[in-house]
Amino acid sequence: MRFPKQEIDIDAYLKHLSALLTNEECEIFIDTNIISQLYRLNDDARKDVYRWIESCKGRFHIPVWSIQEYSKRVYVLQIGVYIYLLLWESHMIVLMMIMLCKCR
């Protein structure tokens with residue numbers, strides 16, 4: 001099945017998006033990937049995002065499932081780093097033992 005080619009007027013799309021984001025009745029919900037992207041921003045960009053969130057006046061929401069999913073990702077990453085460090089440490093111990101045996 002082929003999807004029909006669709007042309008998008010970028011300027012019209014951005015105007016529509018801007019109108020939605022500034023509409024007082026528009027509720028804004030973010031997903032896990034948005035939370036993780038905040039850590040990739042430099043300080044000034046992150047501050048701009050925080051200022052924008054504050055300007056939303058209670059319309060900005062982070063669903064509980066999004067926080068839980070993000071927490072799981074961070075936990076899995078921390079476990080991965082911990083295991084890597086353990087393996088690295090045990091690898092270094094083995095190398096030191098080999099070097100000590102060769103020195104005798």
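Participant: Could you give an account of the side chain of Ser66, with specific residues and numbers?
Facilitator: Take Ser66: it is sitting in helix H4 (residues 64–103). Looking at Ser66, the relative accessible area reads 0%, which means it is buried. A distance of 3.0 Å separates a polar atom in the side chain of Ser66 from the backbone nitrogen of Thr32. The contacts of Ser66, once residues within four sequence positions are left out, are Ile30, Asp31, Thr32 and Ile35.

Participant: Describe the packing of aromatic side chains, listing the residues and the values that go with them.
Facilitator: Describing an aromatic ring pair means giving the distance of the ring centres and the angle of the ring planes. Scanning the model with the defined rule gives 1 aromatic pair in all. Seen from their ring centres, Trp52 and Phe60 are 5.9 Å apart, and the 90° between their planes marks the pair as edge-to-face. Judged by its relative accessible area of 33%, Trp52 falls in the partly exposed class. Classification of Phe60 by relative accessible area gives buried; the value is 18%.

Participant: Which residues make up the pattern of salt bridges, and what values do they have?
Facilitator: Taken as a whole and judged by the stated rule, the model has 2 salt bridges. In this structure, Asp43 and Arg46 form a salt bridge, with 3.0 Å as the shortest nitrogen-oxygen distance. With Asp43 and Arg46 both in helix H3 (residues 43–55) and 3 residues apart, the pair spans about one turn of that helix. Between Arg51 and Asp48 there is a salt bridge, with its nearest N and O atoms 2.4 Å apart. Of this pair, Arg51 and Asp48 both sit in helix H3, 3 residues apart, which is roughly one turn of that helix. Using a relative accessible area of 44% as the deciding quantity, one classes Asp48 as partly exposed.

Conventions and cut-offs
- Residues numbered from 1 in each chain as written.
- Predicted model: local features only at pLDDT ≥ 70, side-chain atom pairs only at ≥ 80, totals over all residues.
- Heavy atoms only, no water.
- Helix = DSSP H or I, 4+ residues; strand = E, 2+ residues; numbered from the N terminus.
- Buried < 20%, exposed > 50% of the residue type's maximum accessible area, 1.4 Å probe, protein only.
- Polar contact = N/O pair within 3.5 Å; in protein donor to acceptor, adjacent residues only side chain to side chain.
- Contact = heavy atoms within 4.5 Å.
- Phe/Tyr/Trp six-rings, centres within 6.5 Å; stacked < 30°, edge-to-face > 60°.
- Salt bridge = Lys/Arg side-chain N within 4 Å of Asp/Glu carboxyl O.

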